Amino acid sequence: MNKRISILLALLLCFSPALTSCESQASDADTETTVESVSTDAEAITLLDTDDMFTDRDYEVGYDESECVVITLDGDSASCDSDSVTVSGSTVTITDEGTYLLTGDLTDGMIIVDADDSDKLQLVLDGVDICSGTSAALYVRQADKVFVTLASGSENTLSNGGSFVDIDENSIDAVIFSKDDLTLNGSGTLTIQSPAGHGIVSKDDLVITSGTYDITAASHGLSSKDSVRISEGAFTIVSGKDGVHAENADDSSLGYLYIAGGSFDITAEGDGLSAGSVLQIDGGTFTVATGGGSANGESDRNDSWSRFGGMQYSSGSGDEESASVKGIKASGDLVLNGGTFTVDAADDALHSNADITVTGGNYSLSSGDDGLHADGALSITGGTLNVVTCYEGIEGQSIDISGGSITVTASDDGLNASGGNDESGYSGFGGGMDAFSTDTGCTITISGGSLTVSAGGDGIDSNGSLTVTGGTVWVDGPTDSGNGALDYGTEATISGGTFVALGTSAMAVNFGSSSTQGSMLITVSSQQAGTEIALADSSGTVLVSGTAGKSYNSVLISCPGLAQGETYTLTTASDSTEITLSSLVYSSSGGAMGMGGTMGDNRGGRGGMH
């Protein structure tokens with residue numbers, strides 16, 4: 001929906017989104033490598049120690065073929081002349097540190113690494129095709145760390161035949177299954193086919209620094225207990241559960257997900273990206289579809305009346321009957337410092353059970369529920385965000401917008417500050433929602449950036465307070481009489497910025513009398529979508545102008561330059577209204593308000609549901 005806002009008495013902020021990139025500073029082998037986020041739209045936030053994410057050896061893809069131990073795979077057998085390799089039928093077991101070059105095919109076999117727990121091994125895959133009918137194609141039973149390198153230009157395939165049968169005390173359930181640290185890199189390609197389990201699993205850290213991966217898995221695509229760390233690579237993942245999953249039920253400081261770059265095309269029946277603790281993204285390109293996409297989430301809500309009796313999807317990891325189908329989800333904090341994101345999710349597009357911080361990046365978000373949801377604080381300091389379709393656009397206990405360019409199209413509230421967890425947005429009558437409840441812990445603060453909202457429910461709704469000190473806001477509110485373009489539970493004040501809200505007069509409210517910047521709430525005759533609206537001062541200078549995205553008969557305007565005692569002209573398609581501000585907060589008749597003056601907090605009647 002296109003809108004134009006011209007402000008002649010105030011300078012508009014300009015935003016130039018910059019891509020996030022990562023720079024590696026190498027030292028000697030196997031020492032820590034620094035990964036830095038280059039400048040983004042706003043100052044990047046780091047919750048994870050990114051200096052400790054990758055070692056030099058994680059990036060090392062080279063090898064001397066003349067010094068490699070060569071393992072030749074040949075159908076139902078293999079050959080190798082090294083004492084560190086044993087071959088039993090179609091099972092190859094590697095027992096010592098070194099670099100191993102694997103070529104050929106195994107029709108029903110597996111590679112096992114069973115070395116000392118202090119050994120580091122490099123496995124170079126150069127055109128291998130390994131299928132294990134009942135187990136992992138590659139199984140790391142023990143080592144300190146295993147590096148799987150995809151040889152330059154090579155095409156490799158690892159697969160499982162459709163079932164996993166225990167061969168020892170470990171429950172192997174992935175095509176690549178590692179009990180210890182695992183790194184994948186290289187400039188070749190790896191295809192993973194896992195019709196009965198996960199694609200790649202590490203029970204410690206899973207690190208990927210390069211390579212091209214095509215993963216189809218009945219369960220998670222990539223999964224790790226301690227962490228998943230990705231600096232680069234190209235990933236195509238189709239998964240029956242999460243695309244990328246990190247979770248540690250025993251240690252809340254682990255189970256985190258860190259991505260510094262790469263390209264991701266994820267189609268998941270569960271979550272796209274999921275972390276049991278912190279999830280931080282500093283760059284990359286992401287195309288994520290979950291649970292059949294936003295249309296499926298909307299359909300389920302309408303068909304099952306889930307807003308009045310509970311959604312079929314859950315916010316946790318869930319079970320088969322209550323799967324989580326969020327786009328990008330963190331049980332801890334979610335930090336997004338950069339990247340390009342296209343998300344189409346049956347549930348929330350971006351979700352945190354704690355706090356969300358967005359400092360940069362470009363986002364196109366489609367959701368069957370919330371575009372962005374945080375159980376705690378939600379902060380946007382930079383980036384370009386377009387919530388294309390959703391139930392509620394941006395939801396958190398507190399919402400703080402200080403930068404960025406944000407567009408929200410919502411069937412219910414555009415912004416909603418409400419207490420509670422993910423169910424707060426749609427507890428419905430079956431959940432005992434109090435339509436007129438207030439919560440002093442809920443806040444919306446707008447101090448900068450550009451925000452455009454088109455809402456079927458309340459445009460901006462805080463169960464507590466609303467504070468506007470800067471930025472540019474345009475709201476096309478609801479066309480029904482049960483919601484308002486602006487709604488708040490306790491108080492709303494404005495001291496700076498430009499704020500325009502169009503809607504219906506029945507539930508229209510103004511800012512409160514504690515405001516230090518002038519605002520006016522005017523009732524006009526019914527106006528159509530697509531018509532122009534402008535506010536000019538007594539000299540004819542246009543202060544604010546724009547195009548209505550919906551029909552309306554109520555206008556709330558606040559901008560720099562409005563002064564008590566001055567006269568202004570509001571022009572719509574069919575009206576020209578002269579307004580003299582008898583007080584800084586002014587409301588005309590029609591919104592349950594009298595002419596001029598200040599009446600209470602100038603709410604003009606209760607706003608819509610929270």
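Residues numbered from 1 in each chain as written. Predicted model: local features only at pLDDT ≥ 70, side-chain atom pairs only at ≥ 80, totals over all residues. Heavy atoms only, no water.

**Describing the overall build of the chain**
What the chain contains, in helices and strands, is 3 helices and 56 strands. For the chain, the residues scored as buried account for 56% of the 610 residues in total. In the chain, once contacts between residues fewer than 6 apart in sequence are set aside, the share between residues at least 24 apart is 55%. As displayed, the chain offers around 21200 Å² of accessible surface, 46% of which is attributable to carbon and sulfur atoms. (Helix = DSSP H or I, 4+ residues; strand = E, 2+ residues; numbered from the N terminus. Buried < 20%, exposed > 50% of the residue type's maximum accessible area, 1.4 Å probe, protein only. Contact = heavy atoms within 4.5 Å. Areas by Shrake-Rupley, 256 points an atom, 1.4 Å probe, with all protein chains shown as cover.)

**Describing the environment of S88**
Relative to the helices and strands, S88 is located in strand β6 (residues 85–88). Taking the relative accessible area as the measure of exposure, S88 reaches 55% and is therefore exposed. As for S88 and G109, which are separated by 21 residues in sequence, their C-alpha atoms are 9.8 Å apart.

**Quick look at the confidence of the model for the chain**
With 82% of its residues at a pLDDT of at least 70, the chain reaches an overall mean of 86. Counting contacts from residues 1–40, a segment whose pLDDT is below 50, to residues more than four positions away or on other chains yields 100 contacts. Between residues 590–610, whose pLDDT stays under 50, and residues either more than four places distant or in other chains, the model counts 85 contacts. (pLDDT = per-residue confidence, 0-100.)

**So, the sheet that holds strand β52 (residues 542–547)**
The strands that make up a sheet pair up through hydrogen bonds in the backbone, lying either parallel or antiparallel. Judged by pairing direction, the sheet is antiparallel, and its 4 strands sit side by side in the order β52-β51-β54-β55 without closing on themselves. Looking along the sheet, the strands with just one partner apiece sit at the ends: β52 and β55 (576–580). Across the sheet, the mean angle from the axis of one strand to that of its neighbour is 15°, orientation sign disregarded. In this sheet, β55 lies alongside strand β54 (residues 567–571) in antiparallel orientation, the contact comprising 5 bridges. Across the sheet, the residue bridging to T567 is T580, located in β55. (Pairing = 2+ DSSP bridges. Axes fitted to C-alpha atoms, helices over the stretch in contact; angles between N-to-C directions.)

**What to know about the environment of V148**
Examined against the element boundaries, V148 turns out to sit in strand β12 (residues 145–150). A relative accessible area of 1% places V148 in the buried class. Residues V148 and G186, spaced 38 residues apart in sequence, show a C-alpha to C-alpha distance of 8.1 Å. Leaving out residues up to four positions away in the same chain, V148 has contacts with L123, L125, L138, L182, T183, L184 and N185.

**Side note on the packing of aromatic side chains**
What the rule picks out here adds up to 9 aromatic pairs. Note on F54 and Y258: the rings are 6.3 Å apart at their centroids and 40° apart in plane angle, and the pair reads as tilted. Taken together, the residues span a long stretch of sequence, with F54 in strand β3 (residues 54–55) and Y258 in strand β24 (residues 256–259) at a distance of 204 residues. In this structure F54 comes out as buried when scored by relative accessible area, which is 0%. Each ring, one from F499 and one from F511, has its centre 5.1 Å from the other, and the planes form 80°; the classification is edge-to-face. One end of the pair, F499, is in strand β49 (residues 498–503); the other, F511, is in the loop between β49 and β50 (519–527), and 12 residues separate them in sequence. Of the residues examined, F499 reaches a relative accessible area of 0% and is grouped as buried. Following the ring pairs from residue to residue traces out a cluster consisting of Y213, F235, F264, F286, F341 and Y363. (Phe/Tyr/Trp six-rings, centres within 6.5 Å; stacked < 30°, edge-to-face > 60°.)

**Brief notes about the pattern of salt bridges**
All chains considered together, the criterion is met by 8 salt bridges. Between D144 and K120 there is a salt bridge, with the nearest N and O atoms lying 2.7 Å from each other. In this pair, D144 sits in the loop between β11 (138–142) and β12 while K120 sits in strand β10 (residues 120–132), placing the two residues 24 residues apart along the sequence. The salt bridge partner of R229 is D205, with a shortest N-O separation of 3.4 Å. Highlighted residues: R229 in strand β21 (residues 227–230) and D205 in strand β18 (residues 205–208), separated in sequence by 24 residues. The same class applies to R229 and to D205, which are both buried. (Salt bridge = Lys/Arg side-chain N within 4 Å of Asp/Glu carboxyl O.)

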